[in-house]
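This is what each chain is made of:
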Amino acid sequence: MIVEDVLCPFCGCLCDDIKVEVEDGRIVGVKRACRLGSSKFMGHERISGPMVRRDGELTETTYDEAYDRAAQILKAAKRPLLYGWCSTVCETAKKGILLAEEVGGVIDSTATVCHGPSIIGIEEKGLAGSTLGQVKNRADLIVFWGANPAEAHPRHTMRYSSNSTGMFTPEGRGGRKVVVVDVRRTRTAKNADKFILIRPGTDYEVISALRMIVKGKGDLIPDTVAGIPKSDLEEVAGMMLAAKFGAVLIGLGLTHSRGRYKNVDNALSLVADLNGFTKFVVLAMRGHYNVAGFGQVCAWETGYPMAVDLARGAPYFNPGETAACDLLARKEADAMMVVAADPASNFPRATVEAMAEIPVIQVDPFPNPTTFLADVVIPTAVCGIEAEGTAYRMDGLSLRMKKVVDSGLPTDEEVVENILDRVRRLADDN
Amino acid sequence: MVIILKAIMISGRTLGQGASLEAKTSPEFFKATSICALSESDYDDLGISGEANVLVRTEFGEVVVSARKDDGLPPGVIFIPMGPWANAVVGMDTGGCGTPLFKGTEAEVEGTKMRVKDIQELFADLLRRGGDRS
Ligand code: SF4
């Protein structure tokens, strides 16, 4: 049986045209997905069953005992941190926020180690955004800044941006100009009409120089900016001003480098400046397929998109203080629940050392280094393949993910709900 | 004499890293992420060749990874794919915005005969501290 129009639960492109071949309840083939998506559909090693740590060893147990242990850990903690939520659906996030509220914890998503600074930049500056459909149908200039979709979002260029064909862009790549700014000549850079190689940590300066040229103050900038000849910057500014519809697509090159959210703020300001001359939009190349969805749910439930402290009776948001890495770095979190993420791999080593000193609950389909540190491990169905739910594409479009095969495992949402029920019962008992 | 190269370390996504992202204990993930890419000239300057390993050291830690040439990298910039090997040398300061500096850490690189730790070994010294405290 072929299931059509399946959504890919991997990257923020959230491709919705995947064909999945199912035989005897198993996936045997995938069409149209890129290497990243196919690898997810075809499956990886799974966590074999629920486990709790006894005498230092993870030992198999029942789901009920795992839920009980998780609830006890969260209930006993003074500063629990509930982290992850991006490789799962919005329904899970909703329950997770309720749970964080119930235990007076902090809820944070993988955005804070990814495009968190973009969100802060957007809060500072505002966003001239658009859907990917507009980019596909209208953009005649695409600027990838610190973004490498060729490796991180492999179908982005064909489906939505530089190489796509749309209503007013019938010539596809031939009718568009592509600029890439990066610290190395990436695969994406090889597809560019103009590539600007910058030194790591100089994005802010380079953006500022472009803003000056765009605003007619080019004579004030020196012959080179961060090592880039002024003539190159003038050429890029010229391409931007000549565009009918430009799109700046920003990646982790901005958010992970010196300047972080200020880089994004400046990029958004450049786009705002350009809108004084022509039409320009800017989008963040969000990583996980539903990292944008967690931000939406969290924002409408608490008023903030990530790093929300629910210990005070009213939501409090101060990344740098309430983000997962900060809470761990200060050794403030005294228990951690990880849902659909792997902070043990993705956080700096010293932060992971802090994680190893506190009880950790893991809810995930797949084993990973977070499993090595966990005291309770609860395996779940893979969202978008074995469970349905809602996810948000990187541009904020919400789409319904399908269930393609049955795993018999509980969904992330069910697991969080079960733990929430037990936490509430523990509260009643006291 | 050991040749030490000073460089800026950045981490980032790659296709191989992404394809094995949810299979972290697989040999594919190990192969894709326990590496350090260097520009051709930096690689040659280190006096290493073939399947050489390098020791990458920053003020936050050190890690052994296997060296690769990458013609897309400018001299003085090294690239380790996103993952636990890269994060072994990333600092935890978030600059007040929640996000560590995953790109732009000053590093020293030298050729080494030491072996690359596999993923279990990388976490071995952390395993028991959380333990049964729950
Ligand atoms: S580009 Fe992203 S969403 Fe599309 S198939 Fe590849 S991994 Fe999946």
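The paragraphs below set out a description of the structure included in this document.

1. Some words on the overall build of chain A
Secondary structure summary: chain A contains 17 helices and 21 strands in total. The C-alpha atoms of chain A give a radius of gyration of 23 Å, which matches the 22 Å a tight globule of 430 residues would have. Counting only C-alpha atoms and orienting by the principal axes, one finds that chain A spans roughly 70 × 50 × 35 Å. Looking at chain A as a whole, 63% of its 430 residues are labelled buried. For chain A, long-range pairs separated by at least 24 residues make up 67% of all intrachain contacts whose partners lie at least 6 apart in sequence. Carbon and sulfur atoms make up 47% of the accessible area of chain A, which amounts to about 15200 Å² in all.

2. A short note on the site of the ligand
Looking at the ligand, the residues that line it are A:Cys8, A:Phe10, A:Cys11, A:Cys13, A:Leu14, A:Cys15, A:Ala33, A:Cys34, A:Leu36, A:Gly37, A:Pro154 and A:Arg155. Grouping the constituent residues of the shell around the ligand by class yields 10 nonpolar, 1 polar and 1 charged.

3. Observations concerning unusual backbone geometry
In this structure, A:Arg260 is a non-glycine residue whose phi angle is positive, near 35°. You can see A:Arg260 is positioned in the loop between helix H10 (252-255) and helix H11 (261-274).

4. A closer look at the packing of helix H3 (residues 90-103) of chain A against helix H12 (residues 291-302) of chain A
All names here are of chain A. At their nearest, the axes of H3 and H12 sit 9 Å apart, and the two run at 40° to each other. With respect to their mutual orientation, H3 and H12 come out oblique. Regarding H3 and H12, the two cross each other, and that crossing is right-handed. Of the residues in H12, those in contact with Cys90, Ala93, Lys94 and Ile97 of H3 are Gly293, Phe294, Val297, Cys298, Glu301 and Thr302. Broken down by class, the residue content of the contact of H3 with H12 amounts to 6 nonpolar, 2 polar and 2 charged.

5. Quick word on the nonpolar core
In terms of nonpolar packing, the biggest core is built from 58 residues, with A:Met336 and B:Val56 touching the most fellow members. Residues contacting A:Met336, with those up to four places away along its chain left out, are A:Leu81, A:Tyr83, A:Leu328, A:Pro343, A:Phe347, A:Met355, A:Ile358, A:Pro359, A:Val360 and A:Ile361. Within the second largest apolar cluster, 47 residues are counted, among which are A:Ala111, A:Met306, A:Ala335 and A:Val376.

Conventions used here
Residues numbered from 1 in each chain as written. Chains lettered and ligands numbered in written order. Predicted model: local features only at pLDDT ≥ 70, side-chain atom pairs only at ≥ 80, totals over all residues. Heavy atoms only, no water. Helix = DSSP H or I, 4+ residues; strand = E, 2+ residues; numbered from the N terminus. Rg over C-alpha atoms; globule rule 2.2 N^0.38 Å. Buried < 20%, exposed > 50% of the residue type's maximum accessible area, 1.4 Å probe, protein only. Contact = heavy atoms within 4.5 Å. Areas by Shrake-Rupley, 256 points an atom, 1.4 Å probe, with all protein chains shown as cover. Near = heavy atom within 4 Å. Nonpolar A, V, L, I, M, F, W, Y, C, P; charged D, E, K, R; others polar. Axes fitted to C-alpha atoms, helices over the stretch in contact; angles between N-to-C directions. Parallel < 35°, antiparallel > 145°, perpendicular 65-115°, else oblique. Left-handed = near helix turned anticlockwise from the far one by under 90°. Core = buried A, V, L, I, M, F, W, Y, C linked by side-chain atoms within 4.5 Å.

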